[in-house]
Amino acid sequence: MRNMLNIVLFGPPGAGKGTQSPMLIEKYGLIHLSTGEMLRDEIKRGTPLSEEIKHLIEAGHLVSDKIVFEMVREQLEAARSPKGFIFDGFPRTTKQAEMLDKEMADHDTKIDMMIALQLDDETIIKRIQRRAEIEGRADDADVSIIHTRIKNYNEQTAVVMDYYRAQGKFHFVDGNKTPQDTFAAICAVIEKVTK
Ligand code: AMP
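Everything numeric here is computed off the predicted structure, so don't read it as measured data. Within each chain, residues carry numbers counting from 1 in the order of the written sequence. Residue-level local features of this predicted model are given only where pLDDT is at least 70; pairs of side-chain atoms are given and counted only at 80 or more, and the full residue set underlies all totals for whole chains, interfaces and linings. As a convention, hydrogens and water are excluded, and side-chain values are obtained from all of the structure's heavy atoms.

Trainee: Would you mind showing me how to read the overall build of the protein here?
Mentor: What counts as a helix is a DSSP run of H or I of at least four residues, what counts as a strand is a run of E of at least two, and both are numbered from the N terminus. Secondary structure assignment for the protein yields 10 helices and five strands. By the compact-globule yardstick of 16 Å for 195 residues, the protein fits well, its C-alpha radius of gyration being 16 Å. In the protein, which comprises 195 residues, the share counted as buried stands at 48%. Computed by Shrake-Rupley with a 1.4 Å probe, the accessible areas treat only the displayed protein chains as cover when residues are assessed. Put simply, the protein shows about 10200 Å² of open surface, and 51% of that area lies on carbon and sulfur atoms. Taking the average location of the 27 positive side-chain charges in the protein and that of its 31 negative ones, the two points are 4 Å from each other. Throughout, radius of gyration means the C-alpha value; the globule benchmark is 2.2 Å times the number of residues raised to the power 0.38. Only protein chains enter the accessibility calculation, which uses a 1.4 Å probe; a residue is then buried when its area is under 20% of its type maximum, exposed when over 50%, and partly exposed in between. When charges are counted, neither His nor the chain ends are considered; positive counts come from Lys and Arg and negative counts from Asp and Glu. The atom standing in for a charge is NZ when the residue is Lys, CZ when it is Arg, CG when it is Asp and CD when it is Glu.

Trainee: Honestly, unusual backbone geometry in this entry has me stumped. Any pointers?
Mentor: Excluding glycine, residues mostly carry a negative phi; peptide bonds, for their part, are mostly trans. Here Phe 90 and Pro 91 are connected by a cis peptide whose omega angle stands at -5°. Along the polypeptide, Pro 91 turns up in the loop between strand S3 (85–88) and helix H5 (94–106). Even without glycine at this site, Asp 108 takes up a positive phi of about 60°. With respect to the helices and strands, the residue Asp 108 is situated in the loop between H5 and strand S4 (113–118).

Trainee: In this structure, what is going on with the sheet that holds S3? I would like to understand it.
Mentor: Think of a sheet as strands paired side by side through backbone hydrogen bonds, with each pair either parallel or antiparallel. On the basis of which strands lie adjacent, the open sheet formed by five strands has the order S2-S3-S1-S4-S5 and parallel pairing. Looking at the sheet topology across the chains shown, the edges are occupied by strand S2 (31–34) and strand S5 (170–174). Pairs of neighbouring strands in the sheet enclose a mean axial angle of 20°, with direction left out of account. Strand pairing is assigned whenever DSSP identifies at least 2 bridges connecting the two strands. Across three bridges, strand S1 (residues 7–10) lies against S3 in parallel orientation. Paired with Val 8 across the two strands is Phe 87, which belongs to S3. The axes used here are C-alpha line fits, helices contributing only the stretch in contact, and every angle between their N-to-C directions lies in the interval 0 to 180 degrees.

Trainee: Teacher, can you tell me more about the nonpolar core here?
Mentor: Generally speaking, a soluble globular protein has its nonpolar side chains buried in company with each other. In terms of nonpolar packing, the biggest core is built from 32 residues, with Phe 87, Met 114 and Tyr 164 touching the most fellow members. Listing elements by their share of this core, those giving two or more residues are S1, helix H2 (35–45), helix H3 (50–59), helix H4 (65–78), S3, H5, S4 and helix H9 (160–166). Every residue pair with non-hydrogen atoms within 4.5 Å of one another is taken to be in contact. Dropping the residues within four chain positions of it, Met 114 is found in contact with Val 8, Phe 10, Val 160, Met 161, Tyr 164, Lys 169, Phe 170 and His 171. Throughout this description, the term nonpolar core refers to a set of buried Ala, Val, Leu, Ile, Met, Phe, Trp, Tyr and Cys residues connected via side-chain atoms within 4.5 Å. Counting 23 residues, the second largest nonpolar core, distinct from the first, contains Leu 9, Ala 15, Met 113 and Cys 187.

Trainee: I keep staring at the packing of helix H6 (residues 121–135) against helix H8 (residues 143–157) and nothing clicks. Help me out?
Mentor: When two helices pack together, their arrangement is given by the angle between their axes and by how far apart the axes lie. Relative orientation of the contacting elements H6 and H8 amounts to 130°, with a least axis distance of 11 Å. The angle between the axes of H6 and H8 places the two elements in the oblique class. Handedness of the H6/H8 crossing: right-handed. Touching Asp 121, Ile 124, Ile 125, Ile 128, Gln 129 and Arg 131 of H6 are Val 143, Ile 146, His 147, Arg 149 and Ile 150, all from H8. Considered class by class, the residues forming the contact of H6 with H8 number six nonpolar, two polar and three charged. By the definition adopted for this analysis, an angle is roughly parallel if under 35 degrees, roughly antiparallel if over 145, roughly perpendicular if from 65 to 115, and oblique otherwise. Left-handed describes a crossing in which the near helix is turned anticlockwise from the far one by less than a right angle; the clockwise case is right-handed. Residues are sorted three ways: Asp, Glu, Lys and Arg are charged, Ala, Val, Leu, Ile, Met, Phe, Trp, Tyr, Cys and Pro are nonpolar, and all the rest, Gly among them, are polar.

Trainee: What exactly am I supposed to notice about the layout of surface pockets here?
Mentor: Once rolled over the atoms, a probe with the size of a water molecule shows which space is left empty. The distinction between a cavity and a pocket rests on a 1 Å grid over the protein atoms alone: a 1.4 Å probe fits inside a cavity but cannot get out, while a pocket stays open yet meets protein on both sides within 12 Å along at least five of seven lines, and a residue with an atom within 4 Å of a point counts as lining. Grid points are joined across faces, edges and corners, and a volume is the space filled by probe spheres set on the points. Considering only enclosed or pocket space, the largest pocket measures out at about 1100 Å³ in volume. Of all the secondary structure elements, the ones that give two or more residues to the lining of the largest pocket are S1, helix H1 (17–28), S2, H2, H6, H8 and helix H10 (179–194). Considered class by class, the residues forming the lining of the largest pocket number 17 nonpolar, 19 polar and 13 charged. Looking at the second largest pocket, its volume works out to about 210 Å³. Lining the second largest pocket are Glu 37, Arg 40, Asp 41, Ile 43, Lys 44, Lys 54, Ile 57, Glu 58, Arg 137, Ala 138 and Asp 139. Counting residues per element, the ones that place at least two in the lining of the second largest pocket are H2, H3 and helix H7 (138–141).

Trainee: Whenever I open this one, the site of the ligand confuses me. Can you help?
Mentor: The nearness test applies per residue and asks whether one of its heavy atoms lies within 4 Å of the molecule or strand. As a structural note, the neighbourhood of the ligand is formed by 16 residues, with Thr 35, Arg 40, His 61, Arg 92 and Gln 96 the closest of them. Polar contact is defined as a pair of N or O atoms within 3.5 Å, subject to the rule that within protein one atom must be able to donate a hydrogen and the other to accept it, and that residues adjacent in sequence are counted only when both atoms are side-chain atoms. Here a nitrogen atom of the ligand sits 2.7 Å away from a polar atom, N or O, in the side chain of Thr 35. Measuring from a nitrogen atom of the ligand, one finds a side-chain N or O atom of Arg 92 at 2.9 Å. For the ligand, whose accessible area on its own is 480 Å², the fraction buried by protein is 96%. Spatially, the ligand is embedded in the largest pocket. Counting residues per element, the shell around the ligand draws most heavily on H2, which supplies four residues. Looking at the shell around the ligand residue by residue, the class counts come to six nonpolar, five polar and five charged. To decide whether a molecule occupies a pocket or cavity, check its atoms: if more than half lie within 2 Å of the grid points, it is inside.

Set out below in structure tokens:
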């Protein structure tokens, strides 16, 4: 088994995954794989799949497991001798989690832990609305789309926690606090698991 640190950073939309990831990358030298960013990039480049992806994202729905997984696989293949990966916004379904496990095993490595940020719906909505002003994402700007995303998270994505819990890899961090406090709590989990 290769000596890597592979973390699934998990949480509802607006949980702070995009804020925490750069800090974790810097501290642990990991590669950031954000499927949301990959999909937004796909739209920007106007690839053959971009119309379908744009439509789904702007409605607050999940993109298909197949499309998302192909993008992740490409990035995993492209990485040369990585120290490890942070998966941000992926896996979002149990099927994706299963595909990821298989892919990691094929590369002689594994997911070491899932760190799940948990926070109140009220905080989530406030954060997404603030991000809408800064980043101008269409899926952040409309309250009904935000509600659809939270609903899809609860109905399709939250079960992924059970998947990692069953493997003894699940860790929970309170995401309602400041970015610095949340970062310290995440690092404490990583240190404990890797000790
Ligand atoms: P994010 O930047 O992670 O909030 O993702 C933005 C949007 O991209 C989501 O609301 C989904 O529509 C789509 N998306 C991102 N990651 C995934 C994934 N792993 N599976 C399916 N859809 C995804």
